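Structural overview
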Amino acid sequence: CDEGWVTTGYQQMFSDPLSVKYLFLYYNTLLVGGLANLLCGGLGIWGFRVLTAITLTCVGYGTFCLLKETVNRWAILVGFFLAMLCCDFGIMVFHHNYLSALFAVFIVYFLYIGIINNDKRSFLFAGFLYGLDIFVRLPNATIGLLILAVAFVGGQGAVRGKQILKMFLCAIVGFLVAVIVEFLMMKALGHE
């Protein structure tokens with residue numbers, strides 16, 4: 001029944017958004033699903049399962065990129081396999097949990113790159129992704145604590161004081177830009 005619930009939202013996202021307004025707490029998920037429906041709507045439920053497979057492949061790739069220097073490749077593969085057990089091996093149609101996982105992995109990736117390379121642009125991009133992620137699923141706002149945790153961990157290592165503050169401010173700027181972009185996009189699409 002969850003599959004019918006979300007696919008109805010994807011099908012109505014652009015043709016009758018008021019009929020699925022209750023799903024707008026997953027706005028970006030509806031947007032991605034709605035775009036997939038416009039591009040591949042003729043594939044029906046199978047098209048959304050292909051979108052799930054693509055999303056989970058990107059999650060696996062992002063996880064691999066994040067961990068490849070510190071974790072054995074086989075351990076990454078086994079961990080990803082076990083994670084797939086928790087989400088029915090991705091056989092459900094695309095929904096907010098898959099997109100949330102994708103955003104979370106890449107937010108952590110850019111935070112990690114930002115700390116390792118002392119790169120403010122990575123923090124800016126992580127903040128931007130975080131701003132978009134809140135609109136994937138509203139409870140994803142809690143992921144913002146990752147930025148604070150990374151700033152704290154960074155303070156324990158080579159990055160200290162003013163550098164941490166600058167990185168944190170870059171993440172905040174990225175977040176604010178994403179929220180503004182999100183609201184402008186909603187207004188442009190008539191999804192106010």
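Keep in mind the model is a prediction, meaning the values are calculated, not measured.

Counting secondary structure elements, the protein chain contains eight helices and zero strands. Helices and strands in the protein chain line up, N terminus first, as α-α-α-α-α-α-α-α. Here the C-alpha radius of gyration of the protein chain, 18 Å, is about what a compact globule of 192 residues would show, namely 16 Å. With the C-alpha coordinates of the protein chain rotated into their principal frame, the extents come out at 50 × 40 × 25 Å. For the protein chain, the proportion of its 192 residues judged to be buried stands at 42%. In the protein chain, the proportion of contacts linking residues at least 24 apart, taken out of those at least 6 apart, comes to 67%. Put simply, the protein chain shows about 10,600 Å² of open surface, and 72% of that area lies on carbon and sulfur atoms.

For the structure shown, the criterion picks out one salt bridge. Arg121 is the partner of Asp119 in a salt bridge, and the nearest nitrogen-oxygen pair spans 3.5 Å. By relative accessible area, Arg121 is classed as exposed at 65%.

Time to look at the packing of aromatic side chains. Counted according to the given criterion, the structure contains ten aromatic pairs. On the basis of an interplanar angle of 45° and a centroid distance of 6.2 Å, the ring pair of Tyr10 and Phe94 is categorised as tilted. Separated by 84 residues along the polypeptide, Tyr10 in helix 1 (residues 2–12) and Phe94 in the loop between helix 4 (73–86) and helix 5 (96–117) bring together distant segments of the chain. A connected cluster of aromatic rings, assembled from ring pairs, spans Tyr109, Phe110, Phe125 and Phe128.

For Asn118, which is not glycine, the phi torsion reads 50° and is therefore positive. You can see Asn118 is positioned in the loop between helix 5 and helix 6 (120–134).

The subject of this paragraph is a nonpolar patch on the surface. A contiguous nonpolar patch, built from Val78, Phe81, Leu82 and Leu85 and spanning about 370 Å² of accessible area, is present on the exposed surface. Relative to the helices and strands, Leu82 is located in helix 4. The exposure class of Leu82 is partly exposed, given its relative accessible area of 46%.

Further remarks concern the side chain of His96. In this fold, His96 is placed in helix 5. Judged by relative accessible area, His96 falls into the buried class, the value being 12%.

Our next topic: the environment of Leu99. Mapped onto the fold, Leu99 is located in helix 5. Residue classification places Leu99 among the buried positions, given a relative accessible area of 5%. Residues Leu99 and Asn28, spaced 71 residues apart in sequence, show a C-alpha to C-alpha distance of 8.8 Å. Dropping the residues within four chain positions of it, Leu99 is found in contact with Asn28, Thr29, Val32, Thr55, Phe94 and Val136.

Calculation criteria
Residues numbered from 1 in each chain as written. Predicted model: local features only at pLDDT ≥ 70, side-chain atom pairs only at ≥ 80, totals over all residues. Heavy atoms only, no water. Helix = DSSP H or I, 4+ residues; strand = E, 2+ residues; numbered from the N terminus. Rg over C-alpha atoms; globule rule 2.2 N^0.38 Å. Buried < 20%, exposed > 50% of the residue type's maximum accessible area, 1.4 Å probe, protein only. Contact = heavy atoms within 4.5 Å. Areas by Shrake-Rupley, 256 points an atom, 1.4 Å probe, with all protein chains shown as cover. Salt bridge = Lys/Arg side-chain N within 4 Å of Asp/Glu carboxyl O. Phe/Tyr/Trp six-rings, centres within 6.5 Å; stacked < 30°, edge-to-face > 60°. Patch = residues over 30% accessible without salt bridge, like charges linked within 9 Å, V, L, I, M, F, W, Y side chains within 5 Å.

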